[in-house]
Amino acid sequence: MPIIEFSPARIAFRMARPAISGVVRPRLVLVWFALAVVTFLVFCVSVGAGDFPIPLNEVVPALWGDGEPGTLFVMRELRLPRALAGLLTGAAFGLAGALFQAVSRNPLASPDMLGITQGAGAAVAAGVVAGFGAGLGTQALGLAGALAAGIAVYLLAWRRGASGYRIILVGIGVSWMCVSLTSYLLSRAQLHQAQVVLGWLVGNLGNRGWEHVRPTLAGVAVLLPVVLLLTRLQRTLHLGDEVAAGLGAPVQRTRMALLLCGIALTALATAAAGPILFVALAAPQIARRLARAGAPPLTASALTGATLVLVADLISQRVMTDLTLPVGVVTGVLGAPVLLWQLARTGRR
């Protein structure tokens, strides 16, 4: 008579097989479709709204090059780059936040909390104050700073592996170190240098052109397929390191690959529009509750992040016209209650 083994890994695998087997969940598909429609509508409204309003029935044909020359000029040269920058940066932030929260299994994990956006800010401040910011540009400086901070967090958290708990603690320490460095550099900066740094640090989509859109689009186009290929292993990590290792998943290599993808996405988004706060924190949690999923769904988180940034940009442009607030200020106002709510829920648990 054959002996049946009831190991914890085998039991966990059988209990969790529907969650990691690629079975299509109807609710998740419905949420994804609804978010895609909402994102497209908000994008069209963002492109059409302005001092020269374009009706929605003319926006879609104009996106494909069909329309009056004046309408096409306004869309292609003035509004489309800004809207695409908001769409891509929001999607990148939302996807990066979902990766960080899934890998660490902590709803508070985001680039804002792990020091990646603060590292970008410190690099921009250092470049501008040192005088070589004009040659490299804030986009290149932000990209380099975010990548350096993210890699530093991972290396410092490594001790025979990098657990989610250690990554968060080390990230908080790196975050405050970068904030302190930025504050010191601002105290030594001249007035015009401080204005440049502060204008970038709040997160802004103003004056965004195709030179900001193309690198972000290329980076997202390369990283998104890689993330989707790792989705199955990411779901396995959500069961815990021991169970994932028992199922044969390469835990540390998968975590490293996912974290590197999240760091790269954050770096691209931060370089394009500055550190737009709370999008990476709030978007995955909103998407997870809409889909009623255990872990943040990746594509739904990306669409939610894109919608949040586009809506915040519309509010900053059309609702608060007298204040002309940057988009990062609006997302901060909208995202702070989400952070407080998450802290309250985490504390109760």
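Moving on, we come to the overall build of the protein chain. Counting its secondary structure elements, the protein chain contains 15 helices and zero strands. Here the contacts in the protein chain between residues at least 6 apart in sequence split such that 75% fall between residues at least 24 apart. For the protein chain, the accessible area works out to roughly 17100 Å², and carbon and sulfur atoms hold 68% of it.

A separate point is a nonpolar patch on the surface. Taken together, the side chains of Trp32, Phe33, Val37, Phe40, Leu41, Val60 and Trp64 present a nonpolar region at the surface, about 760 Å² in accessible area. Of the residues forming the nonpolar patch, the biggest block, five residues, is contributed by helix α2 (residues 26-48). Looking at where Phe33 falls in the secondary structure, it is placed in helix α2. Of the residues examined, Phe33 reaches a relative accessible area of 52% and is grouped as exposed.

Once that is clear, we can look at the nonpolar core. Counting 72 residues, the largest nonpolar core has Phe43, Val47, Leu99, Phe100, Leu265 and Ile276 as its most contacted members. In terms of residue count, the dominant contributor to this core is helix α4 (residues 69-104) (16 residues). Judged by nonpolar contacts, the second largest core, of five residues, contains Val31, Leu35, Ala287 and Ala300.

Helix-helix packing is characterised by the crossing angle of the two axes and by the distance between the axes. Viewed as axis vectors pointing N to C, α2 and helix α3 (residues 56-63) meet at an angle of 95°, and their least axial separation amounts to 9 Å. By the angle between their directions, the pair α2 and α3 is classed as roughly perpendicular. Residue-level contacts link Phe40, Phe43, Cys44, Val45, Val47 and Gly48 of α2 to Leu56, Val59, Val60 and Leu63 of α3. Classifying every residue of the contact of α2 with α3 gives nine nonpolar, one polar and no charged.

A few words now on the pattern of salt bridges. What the rule picks out here adds up to one salt bridge. A salt bridge links Asp313 to Arg82; its shortest N-O distance comes to 2.7 Å. On the criterion of sequence distance, the pair formed by Asp313 in helix α14 (residues 298-319) and Arg82 in helix α4 is long-range, its members being 231 residues apart. With relative accessibility at 0%, the residue Asp313 sits in the buried group.

What follows is about the environment of Glu68. Positionally, Glu68 belongs in the loop between α3 and α4. Residue classification places Glu68 among the exposed residues on the basis of a relative accessible area of 56%. For the pair Glu68 and Glu58, spaced 10 residues apart in sequence, the C-alpha to C-alpha distance is 9.5 Å.

An ideal rise of 1.5 Å per residue puts 21 Å on 15 residues; helix α5 (residues 116-130) measures up with 21 Å between its terminal C-alpha atoms. Counting buried residues along α5, 12 of its 15 residues qualify, which places the element largely inside the surrounding structure. Looking at α5, one finds that the buried residues are Ile116, Thr117, Gln118, Gly119, Ala120, Gly121, Ala122, Ala123, Val124, Ala125, Gly127 and Val128. Immediately downstream of α5, the backbone of Gly131 shows phi near 100°, a positive value.

With 20 residues, helix α9 (residues 210-229) ought to run about 28 Å at 1.5 Å a step, and its terminal C-alpha atoms sit 29 Å apart, in line with that. Three or more residues of α9 are buried, namely His212, Val213, Thr216, Gly219, Val220, Leu223 and Val227.

Within polar-contact distance, the side chain of Asp313 engages the side chain of Arg82 at 2.7 Å. Not counting residues up to four positions away in its chain, the partners in contact with Asp313 are Ser46, Arg82, Leu205 and Val327.

Between α2 and α4, the least distance of the axes is 9 Å, while the angle of their chain directions is 145°. In the crossing of α2 with α4, the sense of the turn from one axis to the other is right-handed. Contact residues: α2 offers Thr39, Phe43, Ser46, Val47 and Gly48, while α4 offers Met75, Arg79, Leu80, Ala83, Leu84 and Leu87. Looking at the contact of α2 with α4 residue by residue, the classes come out as seven nonpolar, three polar and one charged.

Here we come to the confidence of the model for the protein chain. In the predicted model, the protein chain carries a mean pLDDT of 79, and 81% of its residues have values of at least 70. When pLDDT is averaged over each element of the protein chain, α2 comes out on top at 89 and helix α1 (residues 8-20) at the bottom at 40. A low-confidence stretch, residues 1-22 stays under pLDDT 50, and its non-local contacts, those more than four residues away or across chains, total 16 contacts.

Moving on, we come to the side chain of Ser175. Along the chain, the position of Ser175 falls in helix α7 (residues 164-188). Setting aside anything within four residues of it in sequence, one finds Ser175 in contact with Asp112, Met113, Gly115 and Gln118.

The rules behind these values
- Residues numbered from 1 in each chain as written.
- Predicted model: local features only at pLDDT ≥ 70, side-chain atom pairs only at ≥ 80, totals over all residues.
- Heavy atoms only, no water.
- Helix = DSSP H or I, 4+ residues; strand = E, 2+ residues; numbered from the N terminus.
- Contact = heavy atoms within 4.5 Å.
- Areas by Shrake-Rupley, 256 points an atom, 1.4 Å probe, with all protein chains shown as cover.
- Patch = residues over 30% accessible without salt bridge, like charges linked within 9 Å, V, L, I, M, F, W, Y side chains within 5 Å.
- Salt bridge = Lys/Arg side-chain N within 4 Å of Asp/Glu carboxyl O.
- Buried < 20%, exposed > 50% of the residue type's maximum accessible area, 1.4 Å probe, protein only.
- Core = buried A, V, L, I, M, F, W, Y, C linked by side-chain atoms within 4.5 Å.
- Axes fitted to C-alpha atoms, helices over the stretch in contact; angles between N-to-C directions.
- Parallel < 35°, antiparallel > 145°, perpendicular 65-115°, else oblique.
- Nonpolar A, V, L, I, M, F, W, Y, C, P; charged D, E, K, R; others polar.
- Expected span 1.5 Å × (residues − 1).
- Polar contact = N/O pair within 3.5 Å; in protein donor to acceptor, adjacent residues only side chain to side chain.
- Left-handed = near helix turned anticlockwise from the far one by under 90°.
- pLDDT = per-residue confidence, 0-100.

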